[in-house]
Number of protein chains: 2
Amino acid sequence: MKTQTLKGFRDFLPLEAKKREYILDVLKKVFTSYGFEPLETPTLEYEDVLTGKYGDEGDKLMYRFEDNGGRQVALRYDQTVPLARVVAQYQNDLSMPFKRYQIQPVFRADKPQKGRYREFLQCDIDTVGSDKNSADAEIIAIAAKSYELLGFKNFKILLNDRAVFGKTPTKAIMIIDKLKKIGAERVKLELKQNGFDPAILEQIQKSKTTESLSLTMKVAARLGTKEQNLEFSPTLARGLDYYTGTIIEVESPDYPYGSLGGGGRYDNLIGMFSNQNYPAVGFSFGFDRIIEAMTELNLFPKDLNKTKVLVTIFNLELADKSAEIASKLRVNNINTELWLDPDSKMEKQLKYADKKNIPYVIMLGPKEIEKNCLTIKNMKTGEQIESTFEKIITKIKN
Amino acid sequence: MKTQTLKGFRDFLPLEAKKREYILDVLKKVFTSYGFEPLETPTLEYEDVLTGKYGDEGDKLMYRFEDNGGRQVALRYDQTVPLARVVAQYQNDLSMPFKRYQIQPVFRADKPQKGRYREFLQCDIDTVGSDKNSADAEIIAIAAKSYELLGFKNFKILLNDRAVFGKTPTKAIMIIDKLKKIGAERVKLELKQNGFDPAILEQIQKSKTTESLSLTMKVAARLGTKEQNLEFSPTLARGLDYYTGTIIEVESPDYPYGSLGGGGRYDNLIGMFSNQNYPAVGFSFGFDRIIEAMTELNLFPKDLNKTKVLVTIFNLELADKSAEIASKLRVNNINTELWLDPDSKMEKQLKYADKKNIPYVIMLGPKEIEKNCLTIKNMKTGEQIESTFEKIITKIKN
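Residues numbered from 1 in each chain as written. Chains lettered and ligands numbered in written order. Predicted model: local features only at pLDDT ≥ 70, side-chain atom pairs only at ≥ 80, totals over all residues. Heavy atoms only, no water.

Colleague: How would you summarise unusual backbone geometry if you had to cite specific residues and measurements?
Modeller: In this structure, the amide linkage connecting Met96 of chain A to the following residue, Pro97 of chain A, adopts the cis form with an omega of -5°. Residue placement: Pro97 of chain A occurs in the loop between helix 4 (80-89) and strand 5 (98-107). At Asn333 of chain A, a residue that is not glycine, the phi angle is positive and equals roughly 60°. The backbone of Asn298 of chain B sits at a positive phi, close to 60°, despite the residue not being glycine. As for its position among the elements, Asn298 of chain B is in the loop between helix 10 (287-296) and strand 12 (309-311). Judged by its relative accessible area of 66%, Asn298 of chain B is exposed. (Helix = DSSP H or I, 4+ residues; strand = E, 2+ residues; numbered from the N terminus. Buried < 20%, exposed > 50% of the residue type's maximum accessible area, 1.4 Å probe, protein only.)

Here you go:
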């Protein structure tokens, strides 16, 4: 019997799944504080809805098949095209501007490699229906607040305006966009090889920020974004066909292995299914990259494990008492696991608590019954004391 | 351009998506309070892992296809077979008992009809590796606490023990299981038509609870489950092939349109991929049914809308001030939406707040600047007063 997962697909055992939940809790809290609301779309769509929207490469990497009813269907490839469909399909029901977050897995039949998966969670915020700089600023402010609350110290929100590139040909912009990856010398070489004047690079590098981007940055600051987190980056493009105004990318010098997220203004996309045009600006958090970075930089809280106590069982006779204690701890808002097997040795129960990183263990044997107390063991220090239920509550809560 | 979803697949616009998030928050809180931890498995599995595990019907309803690499793959059909795979694949990494929750969409190419979808969220808790009654009791206690916290008043947790059926043939049990749906007369008729003594029904109905089930119910009570929520139901079977001990089903007389969840002990399933046997007990919350019931019974909190304030913009000149107020409200933990367009009429902004059910609107015009105050409007009562920022914070928080 095969017990393997498909290449590029992952199981998340509790340790990893808890990291994922932690990040999502933080992000949702920030999104909600800005009035953004959740949206969910189906995993499967009519193939027609998705094909042709992501270029040839996208069509190639898309999971597509014929369903049992002979319909051509495809798995979610991103969350922007479904958003465009939703905006067209429910235009009378949605209030504009429509500020939504969407956090669902997407599927790409890409070559799996380090950090690249065939199923991965996308985590997007977008404002549809506003062409104002304040919309861009708000997206930037939410991104900044999110990385800050996740614990990133030195992150930079790189910003550019598509207008900075003026009439520079697309091909040349794509080469200049690689500056960080390949360095100035190779950019110039590639520009030359492609028949462009290598001096364009320096011209672009010397560009000043546009009036529009300055305004956006000013509003972001009013919304609480720290200036040291914002940086004008005139060579930033991130796939020019897509963005029409602001371009955003987040990176951290503490984790120089790629960007932690990106986005920008894309005014010509969301109207693709309707007769109307919808200006839009959004940001996509690089979920897997963020987990990697936070793991390496030790940014996850120590008590990611939410279980605070294991209540052990001394023997069958005292099992009821242990169950009652567990129940009382939960009533006091303490997450408590109860050992289930009255025949287990105490050693086995302590080992379990240790392996699961449960910080406290409560023991309740004949001695404790006689003295009308409980024994609590701190699994980190090994300290073990007898105490009353009330004092134990206080101890665990602090 | 098609802007439609596939039959049996759904978009969840913010109003519905917020209901879903609310329920999941409540459930996860309960699961966590019992020490249960999250697990996630891939949407796609090797077809071999899933086929043959759900019977002929399951194989027929499964979404299966050949991926771009020529692999036969299938979409997640439930969360129990993936759990069995995980237990086999990581047996050395998992601490036993393994108490996990899993909340992911599953896919079934079933005929769509009211309340039946082709993609729907499953929400499961399972304890693997314990054959003790306390494991069953804990699952029951978690279910009870969950429905209670979701606001259900009169729910019943129907309980049975597979042993109650003794040597009754499977076919007869399946007929008796339909008692609630079709009534005693038709059950007896069907029993007779299938060559069974119709008197079996009454025999089963008169059965007493088993010693094991009594113990389970006793422990559930110790864990805080109210006796009035538990009911022995000797005719309950829920697909006998699966369950080996306790059988659980939850229903509410206030919502008589089907069960709100179900589960039980299944000791012969989780070992399917390994040489070892793993006793297990679990419960699956009927997520869509719960949403339907809570909507009809009015159990969702009134402030499901988490945005508390819309800060309006009087004109371009005062836009900065509004942004600052919005930012300050957020610093005070008040979820705040900021209007984005400085050219909008106040009427339009108020309409937006009204449509989105935002309870308060803050206005800041030249009059307020002069008086050094803010105007706050209660959107429900229409009351509109001038006040200081500090007083407004207090007002909104209460």
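Here the narrative resumes.
Colleague: Quick rundown of the pattern of salt bridges? Include the residues and the values.
Modeller: Here the structure, examined in full by the defined rule, presents 73 salt bridges over all chains. In this structure, the salt-bridge partner of Asp341 of chain A is Lys132 of chain B, at a minimum N-O distance of 3.8 Å. Taken together, the positions of Asp341 of chain A in the loop between strand 13 (336-338) and helix 12 (346-355) and Lys132 of chain B in the loop between strand 6 (119-128) and helix 5 (133-150) put the pair across two chains. Lys132 of chain B sits in the partly exposed class, given a relative accessible area of 22%. A salt bridge links Glu337 of chain B to Lys356 of chain B; the shortest N-O distance between them is 3.2 Å. You can see Glu337 of chain B sitting in strand 13 (residues 336-338) and its partner Lys356 of chain B sitting in the loop between helix 12 (346-355) and strand 14 (360-363), a full 19 residues away along the chain. Grouping residues by exposure puts Glu337 of chain B and Lys356 of chain B together as buried. Residues joined by salt bridges that share partners form a network here, namely Lys18, Arg330, Glu337 and Lys356 of chain A together with Glu37, Lys99 and Glu138 of chain B. (Salt bridge = Lys/Arg side-chain N within 4 Å of Asp/Glu carboxyl O.)

Colleague: For the pairing of strand 14 (residues 360-363) of chain A, give the residues involved together with the corresponding values.
Modeller: On a regular strand, each side chain points to the face opposite its neighbour's, so the side chains alternate between the two faces of the sheet. Residue and element names in this part refer to chain A. Neither face of strand 14 is left uncovered, since the one carrying Tyr360 and Ile362 and the one carrying Val361 and Met363 both have all their residues buried. The pairing of strand 12 (residues 309-311) with strand 14 spans three bridges and is classified as parallel. When the bridges of strand 14 are listed, Val311 appears paired with Ile362. Bridge analysis of strand 14 against strand 15 (residues 374-378) gives four bridges, and the strand direction is antiparallel. Its bridge partner being in strand 15, Ile362 is matched across the sheet by Ile376. (Pairing = 2+ DSSP bridges.)

Colleague: Break down the packing of aromatic side chains for me, with residues and values.
Modeller: All chains considered together, the criterion is met by 31 aromatic pairs over all chains. Between Phe31 of chain B and Tyr101 of chain B the ring centres are 5.4 Å apart and the planes differ by 45°, which places this aromatic pair in the tilted class. Linking Phe31 of chain B in helix 1 (residues 14-33) with Tyr101 of chain B in strand 5 (residues 98-107), this pair joins segments that are 70 residues apart in sequence. In this structure Phe31 of chain B comes out as buried when scored by relative accessible area, which is 0%. A relative accessible area of 3% places Tyr101 of chain B in the buried class. Counting every residue linked through ring pairs, the aromatic cluster contains Phe31, Tyr101, Tyr147, Phe152, Phe155, Phe283 and Phe285 of chain A. (Phe/Tyr/Trp six-rings, centres within 6.5 Å; stacked < 30°, edge-to-face > 60°.)

Colleague: So, the relation of the copies chain A and chain B: which residues are in play, and what are the values?
Modeller: Here chain A sits on chain B after a turn of 180° about the axis and a move of 0.0 Å along it, with an RMSD of 0.0 Å. Those values place the two copies in the arrangement expected of a two-fold rotation axis. Relative to the rotation axis, the C-alpha of Phe65 of chain A is the closest in chain A, positioned 3.2 Å from it. When the interface residues of chain A are mapped onto chain B, 100% of them again lie at the interface, so the same face is used by both copies. (Least-squares fit on C-alpha atoms with pLDDT ≥ 70 in both. Contact = heavy atoms within 4.5 Å.)

Colleague: Tell me what's going on with the domain arrangement of chain A, and back it up with residues and numbers.
Modeller: By domain assignment, chain A separates into domain 1 (14-41 + 76-296) and domain 2 (309-397). Centre-to-centre, using C-alpha coordinates, domain 1 of chain A lies 48 Å away from domain 2 of chain A. (Domains from an automatic or database assignment.)

Colleague: Can you break down the sheet that holds strand 4 (residues 72-75) of chain B residue by residue, with the values?
Modeller: Residues and elements named next belong to chain B. The three strands are arranged 2-4-3 in an open sheet whose pairing can be described as antiparallel. Two strands lie at the open edges of the sheet, namely strand 2 (44-46) and strand 3 (64-66), each paired on one side alone. Sheet twist, expressed as the mean angle between neighbouring strand axes with direction ignored, is 35°. For strand 3 and strand 4, the ladder comprises three bridges, and the chain directions are antiparallel. Among the inter-strand pairings, Phe65 is bridged to a residue of strand 4, identified as Val73. (Axes fitted to C-alpha atoms, helices over the stretch in contact; angles between N-to-C directions.)

Colleague: Can you break down the nonpolar core residue by residue, with the values?
Modeller: Phe31, Tyr147, Phe152 and Ile157 of chain A together with Leu329 of chain B are the most contacted members of the largest nonpolar core, which totals 77 residues. Looking at this core element by element, the count peaks at 10 residues for helix 5 (residues 133-150) of chain A. Listed in part, the 76 residues of the second largest apolar core include Leu364 of chain A together with Val26, Ile125 and Ala137 of chain B. (Core = buried A, V, L, I, M, F, W, Y, C linked by side-chain atoms within 4.5 Å.)

Colleague: So what's going on with the side chain of Thr210 of chain B? Which residues, and what values?
Modeller: Residues and elements named next belong to chain B. Relative to the assigned elements, Thr210 resides in the loop between helix 8 (199-205) and helix 9 (211-222). On the basis of relative accessibility, which here comes to 17%, the residue Thr210 falls in the buried class. At 2.6 Å, the side chain of Thr210 and the side chain of Asp161 are in polar contact. Within the structure, the side chain of Thr210 is placed 3.1 Å from the backbone nitrogen of Leu213, a separation counted as a polar contact. Apart from the residues within four sequence positions on either side, Thr210 is in contact with Asp161, Ala163 and Val164. (Polar contact = N/O pair within 3.5 Å; in protein donor to acceptor, adjacent residues only side chain to side chain.)

Colleague: Mind laying out the interface of chain A and chain B, listing which residues take part and the relevant values?
Modeller: In this complex, chain A contributes 95 residues to the contact, which on the side of chain B involves 95 residues. For the pair chain A and chain B, the interface holds 24 salt bridges. Salt-bridge contacts for Arg222 of chain B lead to Asp320 of chain A; the nearest nitrogen and oxygen are separated by 3.1 Å. At eight residues, helix 1 (residues 14-33) of chain A tops the list of elements feeding residues into the side of chain A that touches chain B.

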